[in-house]
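So the chains spell out like this:
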Amino acid sequence: MRILIAEDDALLREGLALLLGSEGFEVVAVSDADEFLARFEEVAPHVAVLDVRMPPTFTNEGLKAAIEVRKIRPGFPVLVLSAYVEDRYAGELLAGGAGGVGYLLKERVGKVAEFIDALNRVIDGGTVMDPEVVSQLMSRRRADDPIRTLTPRESEVLGLMAEGLGNQEISQKLVVSDTAVSKHIGNIFAKLGLSASDAGHRRVLAVLAYLRGMRLHLDE
């Protein structure tokens, strides 16, 4: 599987290349968003990892490049890395509603097993948010946000869903039954007004529900 990395920090870029190469990926690494976009079609990657902030302005070049390639190839798996919790960027990345996206803090790369697990979830079409991002998003809600109607346990389950965990993994982490997890998720869907169509799609929509609420809060 071919992966395209865009990271301006040479040390981190080489570290990622070595790490992912050892995991069996064919790695192509570039140093900025312009080169990433220029080489995207030529490299034909199966997944991409990008730093949010890269030259020339060090604001959101990587994020914009990630969004651009998902316009070219809808659903293309992208995992973006950031040194800080930047709520607005996380919301923009997921605004399309499709899976196959992840947003992690760079410190997560050092936790190799967690990082590789998150990358594989993204490749498989999942939506993965860094636990610290989830924690901050969940703690700052608008007064009229439907997320506020969730019980503490339902909020905890939604946070784990946002991290990309499946029902069985959530049940193991919370030490509850699969049936209990399914009940909590059903309650979350009902309180957020998500119809009983496709369960996988609703998981993404549930995550988007609190991200959209957070973006409205930030824009006020």
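Owing to the predicted nature of the structure, the values given are computational and were not obtained by experimental measurement.

Draft legend 1. Structural view of the pairing of strand 2 (residues 26-30). Alignment of strand 1 (residues 2-6) against strand 2, held across five bridges, turns out to be parallel. Across the sheet, residue Leu4 finds its bridge partner in strand 2, namely Val28. Between the parallel pair strand 1 and strand 2, the chain is carried across by helix 1 (residues 10-22), and the sense of this crossover is right-handed.

Draft legend 2. Structural view of the pairing of strand 5 (residues 101-105). Burial analysis of strand 5 places five of its five residues in the buried class, which makes it a mostly covered element. Across the two faces of strand 5 the burial is the same, with Val101, Tyr103 and Leu105 and Gly102 and Leu104 all buried. Both strand 4 (residues 78-82) and strand 5 contribute to a ladder of five bridges, which runs parallel. The partner of Val78 across the bridge, within strand 5, is Val101. In terms of strand pairing, strand 5 meets strand 6 (residues 127-129) through three bridges, oriented parallel.

Draft legend 3. A look at the layout of surface pockets. The calculated volume of the second largest pocket comes to roughly 200 Å³. Taken together, Leu104, Arg108, Glu114, Asp117, Ala118, Arg121, Val128, Met129, Pro131, Glu163 and Leu165 make up the full set of residues lining the second largest pocket. Of all the secondary structure elements, the ones that give two or more residues to the lining of the second largest pocket are helix 5 (112-123) and strand 6. Per-element tally for the lining of the second largest pocket: the top contributor is helix 5, with four residues. Here the residues of the lining of the second largest pocket are counted per class, giving six nonpolar, no polar and five charged.

Draft legend 4. Region of the structure containing the pattern of salt bridges. Applying the stated rule across the entire model yields 10 salt bridges. Linking Glu26 and Arg2 is a salt bridge whose minimum nitrogen-to-oxygen distance equals 3.4 Å. Pair noted here: Glu26 is in strand 2 and Arg2 is in strand 1, with a separation of 24 residues, a long-range link. On the accessibility criterion, Glu26 (45% relative accessible area) is partly exposed. A salt bridge links Lys106 to Asp51, with the nearest nitrogen and oxygen atoms 2.9 Å apart. Placement of Lys106 in the loop between strand 5 and helix 5 and of Asp51 in strand 3 (residues 47-51) is noted, with a sequence separation of 55 residues between them. The network of salt bridges with shared partners includes Glu7, Asp51 and Lys106.

Draft legend 5. Examining the packing of helix 8 (residues 167-174) against helix 9 (residues 178-191) more closely. Helix 9 packs onto helix 8 with a crossing angle of 110° between their chain directions and a minimal axis gap of 9 Å. Relative to helix 9, the element helix 8 lies roughly perpendicular. The interaxial crossing formed by helix 8 with helix 9 has right-handed handedness. Here Asn167, Gln168, Ile170 and Ser171 of helix 8 come into contact with helix 9, specifically with Asp178, Val181, Ser182 and Ile185. Of the residues assigned to the contact of helix 8 with helix 9, the class counts are three nonpolar, four polar and one charged.

Draft legend 6. Looking closely at the environment of Val157. The topology assignment puts Val157 in helix 7 (residues 152-162). The class of Val157 is buried, set by a relative accessible area of 0%. Expressed as a C-alpha distance, the spacing of Val157 and Val181, which sit 24 residues apart in the sequence, is 7.5 Å. Once you skip the residues sitting within four places of it in the chain, Val157 turns out to touch Ile170, Leu174, His184, Ile185 and Ile188.

Criteria and thresholds
Residues numbered from 1 in each chain as written. Predicted model: local features only at pLDDT ≥ 70, side-chain atom pairs only at ≥ 80, totals over all residues. Heavy atoms only, no water. Pairing = 2+ DSSP bridges. Helix = DSSP H or I, 4+ residues; strand = E, 2+ residues; numbered from the N terminus. Right-handed = clockwise from strand over helix to strand, strands pointing away. Buried < 20%, exposed > 50% of the residue type's maximum accessible area, 1.4 Å probe, protein only. 1 Å grid on protein atoms, 1.4 Å probe; cavity = no way out; pocket = protein on both sides within 12 Å on 5 of 7 lines; lining within 4 Å. Points joined across faces, edges and corners; volume = space filled by probe spheres on them. Nonpolar A, V, L, I, M, F, W, Y, C, P; charged D, E, K, R; others polar. Salt bridge = Lys/Arg side-chain N within 4 Å of Asp/Glu carboxyl O. Axes fitted to C-alpha atoms, helices over the stretch in contact; angles between N-to-C directions. Parallel < 35°, antiparallel > 145°, perpendicular 65-115°, else oblique. Left-handed = near helix turned anticlockwise from the far one by under 90°. Contact = heavy atoms within 4.5 Å.

Just distances and angles here, no functional claims.
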